[in-house]
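As a plain string of letters, each chain reads:
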Amino acid sequence: MRVRQAGAIRYYQFESFDQPHLTHAIFARHGGVSAGPWASLNMSISVGDSRENVRENRERAFRAVGLPPDSVADLWLVHSADVVAAEAPRDLNADAARADVIITDRPDVTLFLRFADCVPVLLYDPVRRAAGLVHAGWRGSLLKAAAAAVRALAERYGSRPQDLIAGIGPSIGPCHYEVGPEVAAQTRAVFDGRAAGLLLDVGGRTHLDLWAANAEALRAAGVGQIEIGGVCTACRTDDFFSHRGERGQTGRFGALLALR
């Protein structure tokens, strides 16, 4: 992934998303106004930070990439594979829809979700000019939320899976993601013969590769162009919030995707 800097705001971008009609960014934790465990570019009010801080942080991030803050369309994340189509920016006085996949074909809408170890999956269709953003923790990965996004883009906007470009962003890597026997059993049940490549033995403990799980779900859905960022948030708490790496006392970083 490429690292960009706009003043104090640092953000990561996929090389394959260097497209003429697309803006995207996965923000590091720097350049905001939050303090304590949320320092400094925290994007979520659900962790104890103030609404005023989060609003200022989001506005700084949007302006850093040249997007109006009031173009945001976001979700209340619930670890599902449910999909919402954003036809307009969200009314910030109304509650956000509960889901983990958001799609659009509107250039006045900026898709925006928050993360702290879960996997950001970005999808772009340069033919139909549509986009999708996925939040996939272990539950969403086993529910194949990324594949649900591919299906939704096809059903709503006519996207062909083979035209899609996918990016799997910074999240907890297989080096740090130890799981118990129940999650391992569910992984084997969902991915069947391919689960062996997703469940790794690390020092006698079972680790789950969420990057590979989401890539496998995307390939099975027909997506061939997949870029895996390979950045582990638990390894890189200098740049990203990590729920596991910081024992739950942390903020949330943002990822956005917008058509131009």
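Up top is the structure these notes are about.
How each quantity is defined
- Counting starts from 1 at the beginning of each chain's written sequence and moves along it residue by residue.
- The model is predicted, so local features are restricted to residues of pLDDT at least 70 and side-chain atom pairs to those at 80 or more, both for listing and for counting; the totals for chains, interfaces and linings are taken over all residues.
- Note: side-chain values were computed over all heavy atoms of the structure, leaving out hydrogens and water.
- Runs of H or I in DSSP of at least four residues are treated as helices and runs of E of at least two as strands, each being numbered from the N terminus.
- For this measure, only C-alpha atoms enter the radius of gyration; the expected value for a globule follows 2.2 Å times N^0.38, where N is the number of residues.
- Burial classes follow relative accessibility: with a 1.4 Å probe on protein chains only, a residue under 20% of its type's maximum area counts as buried, one over 50% as exposed, and anything between as partly exposed.
- It only takes one pair of heavy atoms within 4.5 Å for two residues to be counted as in contact.
- Residue-level accessible areas treat just the shown protein chains as cover; the underlying method is Shrake-Rupley with a 1.4 Å probe.
- Under the counting rule used here, the positive set is Lys and Arg, the negative set is Asp and Glu, and His together with the chain ends is not counted.
- One atom stands in for each charge, and that atom is NZ of Lys, CZ of Arg, CG of Asp or CD of Glu.
- What counts as a salt bridge is simple: a side-chain nitrogen of Lys or Arg found within 4 Å of a carboxyl oxygen of Asp or Glu.
- Polar contact is defined as a pair of N or O atoms within 3.5 Å, subject to the rule that within protein one atom must be able to donate a hydrogen and the other to accept it, and that residues adjacent in sequence are counted only when both atoms are side-chain atoms.
- Here a cavity means grid points, on a 1 Å grid over the protein atoms only, where a 1.4 Å probe fits yet cannot get out; a pocket means an open set of points with protein on both sides within 12 Å along at least five of seven lines; lining residues are those with an atom within 4 Å of a point.
- Grid points are joined across faces, edges and corners, and a volume is the space filled by probe spheres set on the points.
- Just so you know the grouping, Ala, Val, Leu, Ile, Met, Phe, Trp, Tyr, Cys and Pro go in nonpolar, Asp, Glu, Lys and Arg go in charged, and all remaining residues, Gly too, go in polar.
- In this scheme, a helix's expected span is set at 1.5 Å multiplied by one less than its residue total.
- Strands were regarded as paired on the criterion that DSSP finds at least two bridges between them.

Visitor: Can you walk me through the overall build of the protein chain in this structure?
Guide: When helices and strands are tallied, the protein chain shows five helices and 14 strands. For 260 residues, the compact-globule formula gives about 18 Å, and the C-alpha radius of gyration of the protein chain, at 17 Å, lands near that figure. The principal-axis extent of the C-alpha atoms belonging to the protein chain is close to 45 × 45 × 35 Å. Across the 260 residues that make up the protein chain, the buried fraction comes to 53%. Taking the intrachain contacts of the protein chain between residues at least 6 apart in sequence as the baseline, contacts between residues at least 24 apart amount to 63%. Accessible area for the protein chain stands at about 10900 Å²; split by element, carbon and sulfur atoms hold 45% of it. Looking at the protein chain, you have 29 positive and 29 negative side-chain charges, and the mean spots of the two groups are 1 Å apart.

Visitor: Looking at this structure, how should I read the side chain of Arg-58?
Guide: Tracing the chain through its elements places Arg-58 in helix H1 (residues 51-64). Put simply, Arg-58 is tucked away with no salt bridge, and the nearest opposite charge, on Asp-74, sits 4.7 Å away. Apart from residues lying up to four places away in sequence, Arg-58 is in contact with Met-43, Val-72, Leu-92 and Phe-112.

Visitor: Can you help me understand helix H5 (residues 210-220) in this one?
Guide: Side chains that are three or four residues apart share a direction in an α-helix, a result of its 3.6 residues per turn. Across the eleven residues of H5, nine count as buried, placing the element largely inside the fold. Among the residues of H5, Leu-210, Trp-211, Ala-212, Ala-213, Asn-214, Ala-215, Glu-216, Ala-217 and Leu-218 are the ones counted as buried. At the N-terminal boundary of H5, the capping side chain belongs to Asp-209, with an oxygen 3.1 Å from the backbone nitrogen of Trp-211. The first or second residue beyond H5 is Gly-222, which carries a positive phi of 105 degrees.

Visitor: What am I meant to see in the layout of surface pockets here?
Guide: Estimated volume of the largest pocket: approximately 1100 Å³. Residue lining of the largest pocket: 36 residues in total, with Ser-44, Ser-46, Leu-75, Leu-77 and Arg-114 positioned closest to the centre. Elements supplying a minimum of two residues to the lining of the largest pocket: H1, strand S7 (110-115) and helix H2 (138-142). For the lining of the largest pocket, the element with the most residues is H1, which contributes four residues. Counted by class, the lining of the largest pocket contains 17 nonpolar, seven polar and twelve charged residues.

Visitor: What should I look at first to understand helix H3 (residues 145-157) in this one?
Guide: Between its first and last C-alpha, H3 extends 18 Å over 13 residues, near the 18 Å set by a 1.5 Å rise per residue. Inspection of H3 places Ala-145, Ala-146, Ala-147, Ala-148, Ala-149, Val-150, Ala-152, Leu-153 and Tyr-157 among the buried residues, and these make up the whole buried set. Note on H3: the residue one or two positions beyond its end, Gly-158, has a positive phi of about 75 degrees.

Visitor: What is the right way to look at the sheet that holds strand S4 (residues 72-73) in this model?
Guide: Strand pairing in a sheet takes place through backbone hydrogen bonds and is either antiparallel or parallel in direction. Strands sit in the order S1-S2-S3-S14-S7-S4 across an open sheet of six strands; the sheet is mixed. This sheet does not close on itself; its edge strands, each paired only once, are strand S1 (2-6) and S4. Both strand S3 (residues 22-27) and strand S14 (residues 253-259) contribute to a ladder of five bridges, which runs antiparallel. Across the sheet, the residue bridging to Thr-23 is Ala-258, located in S14.

Interpretation note: all reported values are geometric properties and have no functional meaning in isolation.
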